[in-house]
Amino acid sequence: MKNITTANLGICQGSKVMFADFAHGGEMWTGNGPRESRHTVQFDAPFAEAPTVMVGIAMWDMDQTTAVRADIAAEKVSRKGFDLVFRTWADTRVARIRADWTALGPVRTEDDWDVD
């Protein structure tokens, strides 16, 4: 569990259309087997330490003739950003995905100082 005081809690949010493969016959729409879409997200300002990042699918456009298989995650979370990763596999056909994310963590304030 992370214990964060409200005086130095930073919240950063965003949304990303990860791909629209139906428009150009891309691999997520036409492919089989394991497929991955990965995007690096940079925070507006760095957190004091790696934040907690929550991700979710905000919009999905899936083919109805195959099973829907999806995994979405935040990977390589650091003070400055993270990788937003969507995966599918087998015969699932994904036309497009939009992901929303929220990062919560401690931030430095004017009252913070370092003693060397």
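Structure: see above.
What you are looking at is a predicted structure, and each value in this text was computed from that prediction instead of being measured. (Residues numbered from 1 in each chain as written. Predicted model: local features only at pLDDT ≥ 70, side-chain atom pairs only at ≥ 80, totals over all residues. Heavy atoms only, no water.)

A. Just the overall build of the chain, in detail. What the chain contains, in helices and strands, is one helix and six strands. Starting at the N terminus and walking to the C terminus, you meet the elements of the chain as β-α-β-β-β-β-β. In terms of overall size, the chain is more extended than a compact globule, its C-alpha atoms giving a radius of gyration of 18 Å where 116 residues would be expected to give roughly 13 Å. Dimensions of the chain, computed from C-alpha atoms along their principal axes, come out at roughly 60 × 25 × 20 Å. Evaluated residue by residue, the chain yields a buried proportion of 33% over its 116 residues. Pairs at least 24 residues apart make up 76% of the contacts formed inside the chain by residues separated by at least 6 positions. Here the chain holds 13 positive side-chain charges and 17 negative ones, and the gap between their average locations is 6 Å. (Helix = DSSP H or I, 4+ residues; strand = E, 2+ residues; numbered from the N terminus. Rg over C-alpha atoms; globule rule 2.2 N^0.38 Å. Buried < 20%, exposed > 50% of the residue type's maximum accessible area, 1.4 Å probe, protein only. Contact = heavy atoms within 4.5 Å. Lys, Arg positive; Asp, Glu negative; His and termini not counted. Charge placed at Lys NZ, Arg CZ, Asp CG, Glu CD.)

B. Broad picture of the pattern of salt bridges. Under the defined criterion, the tally for this structure stands at nine salt bridges. For Arg-69, the salt bridge is made with Asp-91, and the minimal N-O distance between the two is 2.7 Å. On the criterion of sequence distance, the pair formed by Arg-69 in the loop between β3 (52-62) and β4 (71-75) and Asp-91 in the loop between β5 (81-88) and β6 (94-106) is long-range, its members being 22 residues apart. When salt bridges with common partners are traced through the structure, they connect Glu-36, Arg-38, Asp-71, Glu-75, Asp-83 and Arg-87 into a single cluster. (Salt bridge = Lys/Arg side-chain N within 4 Å of Asp/Glu carboxyl O.)

C. A look at the environment of Pro-51. Looking at the element boundaries, Pro-51 is found in the loop between β2 (35-42) and β3. Sequence separation between Pro-51 and Thr-102 is 51 residues, and the spatial gap between their C-alpha atoms is 9.6 Å. Setting aside residues up to four positions removed in sequence, Pro-51 forms contacts with Lys-2, Phe-43, Val-77, Ser-78, Arg-79, Ala-103, Leu-104 and Gly-105.

D. Here's a closer look at the sheet that holds β6. The three strands lie next to each other as β1-β6-β3, forming an open sheet whose pairing is antiparallel. Of all the strands in the sheet, the pair left with one neighbour each is β1 (9-20) and β3. For this sheet the average axis-to-axis angle between neighbouring strands, irrespective of direction, equals 15°. (Pairing = 2+ DSSP bridges. Axes fitted to C-alpha atoms, helices over the stretch in contact; angles between N-to-C directions.)

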